[in-house]
Amino acid sequence: MTKLNLSELDKRLTLLEAQQQWVYRVLETYGIKGLWLSPGKASALLGISRDRILAEVERAEKMRSLGKRGDVSYGIHYRNIQDPEVGQPTWQIHVAAFDQVLAIPPEQRKI
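Computed from a prediction, not measured in an experiment: that's the story for all the values here.

1. Description of empty space enclosed by the protein
Part 1 of the reasoning: Inspection of the entire model under this criterion finds one cavity of 30 Å³ or more.
Part 2 of the reasoning: What the largest cavity holds in volume is close to 50 Å³.
Part 3 of the reasoning: In terms of lining, the largest cavity is formed by Glu-56, Arg-59, Ala-60, Met-63, Gly-70, Asp-71, Val-72, Arg-109 and Lys-110.
Part 4 of the reasoning: Grouping the amino acids of the lining of the largest cavity by side-chain chemistry returns three nonpolar, one polar and five charged.

What follows is the structure in structure tokens.
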């Protein structure tokens, strides 16, 4: 591998920043302004159903209530932004962290 000089690295960084800004603009066009999304929006980006996401969250919540740790963790992969006066949770999914869990082969997942 050849060493890159600072000028070349600076050009690459500038290009990456421009590409990142473009991706952010595209995502904002579709109402996506960050990595924490509703299960519905997360499902479209992750290519899985909303029900599958909610099943993963439900399984993680059961494990959490038992004091066990699984592949999906509260505060890292999902969170609840529920209004305290509402009885039902309002889940949000961290799409980048959740995508990493989905990449784990089923036989290696913690159940």
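Anyway, onward from the coordinates.
2. Describing the environment of Asn-80
Part 1 of the reasoning: Note that Asn-80 resides in strand 2 (residues 78-80).
Part 2 of the reasoning: A residue is classified by how much of its surface remains accessible, and Asn-80, at 25% relative accessible area, is partly exposed.
Part 3 of the reasoning: Each C-alpha atom of the pair Asn-80 and Thr-90 lies 5.3 Å from the other, and the pair is ten residues apart in sequence.
Part 4 of the reasoning: Discounting chain neighbours no more than four positions away, the residues touching Asn-80 are Tyr-74, Pro-89, Thr-90 and Trp-91.
Part 5 of the reasoning: Here the side chain of Asn-80 touches Gln-82 through a polar contact of 2.9 Å, landing on its backbone nitrogen.

3. Remarks on the pattern of salt bridges
Part 1 of the reasoning: Considering all chains together, one arrives at seven salt bridges under this definition.
Part 2 of the reasoning: Among the salt bridges present, the one from Glu-56 reaches Arg-52, with a minimum N-O distance of 3.6 Å. Of the two residues, Glu-56 and Arg-52 are both situated in helix 3 (residues 50-65); the distance of four residues between them amounts to about one turn of the helix.
Part 3 of the reasoning: Since its relative accessible area comes to 5%, Glu-56 is described here as buried.
Part 4 of the reasoning: Residue Arg-52 is classed as partly exposed on the basis of its relative accessible area, which comes to 36%.

Conventions and cut-offs
- Residues numbered from 1 in each chain as written.
- Predicted model: local features only at pLDDT ≥ 70, side-chain atom pairs only at ≥ 80, totals over all residues.
- Heavy atoms only, no water.
- 1 Å grid on protein atoms, 1.4 Å probe; cavity = no way out; pocket = protein on both sides within 12 Å on 5 of 7 lines; lining within 4 Å.
- Points joined across faces, edges and corners; volume = space filled by probe spheres on them.
- Nonpolar A, V, L, I, M, F, W, Y, C, P; charged D, E, K, R; others polar.
- Helix = DSSP H or I, 4+ residues; strand = E, 2+ residues; numbered from the N terminus.
- Buried < 20%, exposed > 50% of the residue type's maximum accessible area, 1.4 Å probe, protein only.
- Contact = heavy atoms within 4.5 Å.
- Polar contact = N/O pair within 3.5 Å; in protein donor to acceptor, adjacent residues only side chain to side chain.
- Salt bridge = Lys/Arg side-chain N within 4 Å of Asp/Glu carboxyl O.

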